[in-house]
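As a plain string of letters, each chain reads:
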Amino acid sequence: MSPSRRSPAPDKACIEAVDLARSAAVEIGHPEWVGEHLSAYVEGDRVVTHLFACLDPAYSGWRYAVTVVRASRAKKVTVNEAVLLPGAEALLAPEWVPWKERLRPGDLGVGDLLPSADDDDRLKPGYAQVPEDELEEEGLDRQMVWELGLGRPRVLSETGREAAAQRWYNGESGPRSAIAAAAPAQCATCGFMTPLAGEFRQMFGVCANELAPDDGRVVSMDHGCGAHSEASQGAVPTEAPLRPVVDELGYDHIVFEDTSELELVSSDS
């Protein structure tokens, strides 16, 4: 059995070197930022670390940690290290995340490049097809070849298709949005719906109505809006214009102080 490790004995000179440790903390901060002495713990033989409260408002919960040492058979204590360390309630920066994982939709701007990784699971290798002669190349169905991924280095994988379908279906262009719930009919029966190609054709299309809120965007077949091609304007009840109400029962008694004009009118009549 290995012998137990001996705990270092507290060094009295190092423990009492509070003023020396405080002066070292002031050098890395400001005098008004170094607070009360919190504690001192033994790091090793003749090695002690003193902790001081940090009053800097930008480092709430942090502590100044100053390590002092004393050489063997020496009387003078010296400063070994002075740093700022976080406490249990310190405000820390969030964990670093690679830039590719920090990107969000809309972050890519003009001139920015976002290369896809070689091991991107959303993509898989495409298929190459080289025509043997000019006649075969002339009769090649280029649209079919492009949809199948022939001639492109990489195409969408199953993972990429499922992720895109789930994102589109659960978004604002899916059936659960508020505008789809109030729509008179679904996009599947709309004349402005242009279905996508490939496997997406069964669930999604592109809206081609310039007046619709989803014009030029991918929408699900069970999405909808008020700009449906077959939406009809229902009969809107119209109310008759209001007529002024004339009080024919009561009257106002008007007294004229100057009756000369009334007499002139009555004489002419």
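We now turn to the structure provided with this report. (Residues numbered from 1 in each chain as written. Predicted model: local features only at pLDDT ≥ 70, side-chain atom pairs only at ≥ 80, totals over all residues. Heavy atoms only, no water.)

### Some words on the environment of P115
Inclusion rule: Put simply, DSSP marks the helices as runs of H or I at least four residues long and the strands as runs of E at least two long, and each gets a number from the N terminus on. The cut-offs for exposure are 20% and 50% of the maximum accessible area for each residue type, with area from a 1.4 Å probe on protein chains only; residues under the lower value are buried, those over the upper are exposed, and the others partly exposed.
Structurally, P115 can be placed in the loop between α3 (99-102) and β5 (123-125). Classification of P115 by relative accessible area gives exposed; the value is 54%. Counting along the chain gives 15 residues from P115 to K100, while the straight-line C-alpha distance between them is 9.9 Å.

### Considerations on a nonpolar patch on the surface
To keep things clear, this is the line we draw: Patches draw on residues past 30% relative accessible area with no salt bridge. Two like charges within 9 Å are joined, as are two nonpolar side chains (Val, Leu, Ile, Met, Phe, Trp, Tyr) within 5 Å. The accessible surface values rely on the Shrake-Rupley method and a 1.4 Å probe; as for residues, cover is taken only from the protein chains in view. A pair is scored as a salt bridge if a Lys or Arg side-chain nitrogen falls within 4 Å of a carboxyl oxygen belonging to Asp or Glu.
Where nonpolar side chains cluster on the molecular surface, the patch consists of W99, L103, L108 and L114 and spans about 380 Å² of accessible area. Secondary-structure assignment places L108 in the loop between α3 and β5. With a relative accessible area of 53%, L108 lands in the exposed category.

### Concerning the layout of surface pockets
To find the voids left in a structure, one rolls a probe of water-molecule size over its atoms. Quick note on the threshold: As defined here, a cavity is a set of points on a 1 Å grid over the protein atoms alone where a 1.4 Å probe fits but cannot get out. A pocket is an open set with protein on both sides within 12 Å along at least five of seven lines, and residues line them when an atom is within 4 Å of a point. Grid points are joined across faces, edges and corners, and a volume is the space filled by probe spheres set on the points.
In this structure, the largest pocket occupies an estimated 680 Å³ of space. If you trace the largest pocket, you find 22 residues lining it, with K100, L103, L114, D120 and R122 closest to the centre. Put simply, the parts of the chain that give the lining of the largest pocket at least two residues each are α3 and α6 (158-169). Per-element tally for the lining of the largest pocket: the top contributor is α6, with four residues.

### Quick notes on empty space enclosed by the protein
This structure, assessed with the given rule, holds one cavity of 30 Å³ or more. Counted as a void, the largest cavity has a volume near 110 Å³. Contributing to the lining of the largest cavity are 14 residues, with C187, C190, C207, A212 and C225 lying nearest its centre.

### What to know about the sheet that holds strand β7 (residues 193-195)
Applied cut-off: When DSSP finds two or more bridges between two strands, those strands count as paired. Axes here mean lines fitted to C-alpha atoms, for a helix over just the part in contact, with angles spanning 0 to 180 degrees between N-to-C directions.
If you trace the three strands from one edge of the open sheet to the other, you get β7-β8-β9, paired in antiparallel fashion. A strand with exactly one partner marks an edge of an open sheet, and here the two such strands are β7 and β9 (218-220). Looking at each pair of strands side by side, their axes are set apart by 45 degrees on average, direction ignored. One ladder, built from three bridges, connects β7 with strand β8 (residues 204-207); its direction is antiparallel. Paired with T194 across the two strands is V206, which belongs to β8.

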